[in-house]
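One letter stands for each residue in the lines below.
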Amino acid sequence: MTDAPAPYEGPRRILSGMQPTGQLHLGNYLGALKNWVALQDGEAECFYCAVDMHAMTVPYEPAALAKAVRGVTAAYLAAGVDPARSAIFAQSAVPAHAELAWILQCVARLGWLERMTQFKDKAGKDAERASVGLFTYPVLMAADILVYKATEVPVGEDQKQHLELARDVAARFNRDFAGGRTVLPMPDPVILGTGARIMSLKDGTSKMSKSDPSDNSRINLHDDADTIARKIKKAKTDPEPLPETVEGLEARPEARNLVGIFAALTGRTSADVLAEYGGQGFGAFKPVLADAAVQFIAPISEEFGRLMADPAEIDRVLTKGAERANAAAAPVLAEVRDLVGYWRA
Ligand code: AMP
Ligand code: TRP
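Cut-offs applied
Residues numbered from 1 in each chain as written. Chains lettered and ligands numbered in written order. Predicted model: local features only at pLDDT ≥ 70, side-chain atom pairs only at ≥ 80, totals over all residues. Heavy atoms only, no water. Core = buried A, V, L, I, M, F, W, Y, C linked by side-chain atoms within 4.5 Å. Buried < 20%, exposed > 50% of the residue type's maximum accessible area, 1.4 Å probe, protein only. Helix = DSSP H or I, 4+ residues; strand = E, 2+ residues; numbered from the N terminus. Contact = heavy atoms within 4.5 Å. Expected span 1.5 Å × (residues − 1). Bend = angle between axes of the 7 residues up to and from the residue. Right-handed = clockwise from strand over helix to strand, strands pointing away. Pairing = 2+ DSSP bridges. Salt bridge = Lys/Arg side-chain N within 4 Å of Asp/Glu carboxyl O. Near = heavy atom within 4 Å. Polar contact = N/O pair within 3.5 Å; in protein donor to acceptor, adjacent residues only side chain to side chain. Nonpolar A, V, L, I, M, F, W, Y, C, P; charged D, E, K, R; others polar. Axes fitted to C-alpha atoms, helices over the stretch in contact; angles between N-to-C directions. Parallel < 35°, antiparallel > 145°, perpendicular 65-115°, else oblique. Left-handed = near helix turned anticlockwise from the far one by under 90°. Phe/Tyr/Trp six-rings, centres within 6.5 Å; stacked < 30°, edge-to-face > 60°.

Formed by 60 residues in total, the largest nonpolar core has its most connected members in Leu 33, Tyr 76 and Phe 285. Considering each element in turn, this core owes the most residues, eleven residues, to helix α12 (residues 282–308). Not counting the four nearest positions on each side in its chain, Leu 33 is found in contact with Met 18, Leu 24, Asn 28, Ala 75, Tyr 76, Ala 79, Val 81 and Leu 221.

Here it is as structure tokens:
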């Protein structure tokens, strides 16, 4: 694809999603959700979904899926996503995602998917036994985005490669089906500087993740104050005091992570944090960090608890969100169906 893409004339639109698997944690918030909330203040229309269809790509419990969708929805709301401004919905409630995904599977090339590192990580050694859905996962993600002609996608660092694939798919679709017109815009990732990659509390070289079997590796958005304080106290560190400068964090992944978390929580830079706390040991720094985390999470956790006790309220949000999302996706899908040559009476 050497031709320069034609400029896109349509409106800006934001889309993002998270999987309804496990509990949302501080990495999800600082890496992505925080940005979702901030972007609502802009001009662009926002679409935020619980990607339940992506959750099916690995073994899962059907009887628990709908509840998990309500769970991530409650976390979005508790974190400040506003259903009056943003469409909040379940991916499976908007069939246009699945329909566009099929079309885009015929646009994406096998070689593009074979390069995806997340598939390699998730499939593990026995890739032959992985579901086909796990392999085509990034194409469904491209459909999630392109079915709204979204122009910006707020995500953590780990989703960069999937966004590049979505751009390749859009460009190829435009070339093959629209004579090079920019029917589907190339979505830009929106990735925060601090917070884009929060690491595990147990190992500063692996990312904080919902799927880590150790709950002590992460701070969940619903953890209470005592749990947060205990997890931070137990967090892995090294014996050295904090350095005075960011360069001093280089070979110290755990120290770098804790300083980064504190910086992201308090809206400061790591350099600024070290200017204040450099020279102090973790015995002094950890309680300060725990206080900041508790202050930050307590209101989110409280609101999350309130919402989870009121599933009818969550369902109302999801119903209204699905209506808005279906209405926004319909004209895009109709345009794409015509371009690929589907029959129409
Ligand atoms: P996931 O938990 O994999 O469904 O991810 C949901 C969103 O949170 C995506 O935008 C991720 O990039 C982001 N995210 C997940 N884990 C982290 C982390 N440890 N640090 C920063 N962002 C994260
Ligand atoms: N793959 C993303 C993750 O694991 C979730 C996701 C699915 C997504 N569809 C999306 C993110 C569309 C942004 C836009 O975090």
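Here the narrative resumes, following the displayed structure.
Our focus in this paragraph is helix α7 (residues 132–146). End to end, α7 covers 21 Å across 15 residues, agreeing with the expected 21 Å (1.5 Å per residue, within 8%). Where α7 bends most, at Pro 138, the angle is about 45°. With 13 of its 15 residues buried, α7 lies for the most part within the structure.

Next up on the list: the pairing of strand β2 (residues 45–50). Of all six residues that make up β2, five are buried, and the element is covered over most of its length. Crossover strand β1 (residues 13–18) to β2 through helix α1 (residues 26–39) is right-handed. Strand direction decides the pairing type here: β2 and strand β3 (residues 86–90), joined by five bridges, are parallel. By the bridge assignment for β3, Ala 50 is matched with Ala 90.

Our focus in this paragraph is the pattern of salt bridges. It is possible for side chains of opposite charge to pair when their charged atoms get near one another. Following the criterion strictly, the structure yields 23 salt bridges and no others. Across the salt bridge formed by Arg 337 and Glu 99, the nearest N and O atoms sit 2.5 Å from each other. Within this pair, whereas Arg 337 is found in helix α13 (residues 311–340), its partner Glu 99 is found in helix α4 (residues 96–105), the two being separated by 238 residues in sequence. Here the salt bridges share partners, and the residues they tie into one network are Asp 215, Arg 218, Asp 223 and Lys 231.

Turning our eyes to something else, we now look at the site of ligand 1. Not every one of the 17 residues close to ligand 1 is listed here, only the nearest: Asn 28, Gly 156, Asp 158, Ile 198 and Met 208. Contact between ligand 1 and Gly 156: an oxygen atom at 2.8 Å from a main-chain N or O atom of the residue. At 2.9 Å, a backbone N or O of Met 208 approaches a nitrogen atom of ligand 1. For the shell around ligand 1, the element with the most residues is α1, which contributes four residues. Of the residues in the shell around ligand 1, the class split is six nonpolar, eight polar and three charged.

Here we come to the pairing of β3. β3 sits mainly inside the fold: five of its five residues count as buried. Side-chain alternation along β3 places Ser 86, Ile 88 and Ala 90 on one buried face and Ala 87 and Phe 89 on a second face that is also buried.

Right, let's get into the packing of α4 against α7. Where α4 contacts α7, the two axes come as close as 8 Å, and the packing angle between them is 120°. Between α4 and α7, the angle is such that the two are oblique. In this structure, the crossing between α4 and α7 has a hand that is right-handed. For the pair α4 and α7, the contacting residues are His 97, Leu 100, Ala 101, Leu 104 and Gln 105 in the first and Thr 136, Val 139, Leu 140, Ala 142, Ala 143, Asp 144 and Leu 146 in the second. Grouping the amino acids of the contact of α4 with α7 by side-chain chemistry returns eight nonpolar, three polar and one charged.

All right, on to the environment of Ile 261 then. Inspection of the secondary structure assignment puts Ile 261 in helix α10 (residues 253–266). Using a relative accessible area of 2% as the deciding quantity, one classes Ile 261 as buried. Residues Ile 261 and Arg 109 lie 152 residues apart in sequence; the distance between their C-alpha atoms is 38 Å. Other than its neighbours up to four places away in sequence, Ile 261 contacts Leu 26, Ile 198, Leu 201 and Leu 289.

We now examine the packing of aromatic side chains. One pass over the full model with this rule turns up ten aromatic pairs. Measuring from ring centre to ring centre gives 5.5 Å for Phe 262 and Phe 285, while their planes differ by 75°; the resulting arrangement is edge-to-face. Here Phe 262 is found in helix α10, whereas its partner Phe 285 is found in helix α12, with 23 residues between them in sequence. Each member of the pair Phe 262 and Phe 285 is classed as buried.

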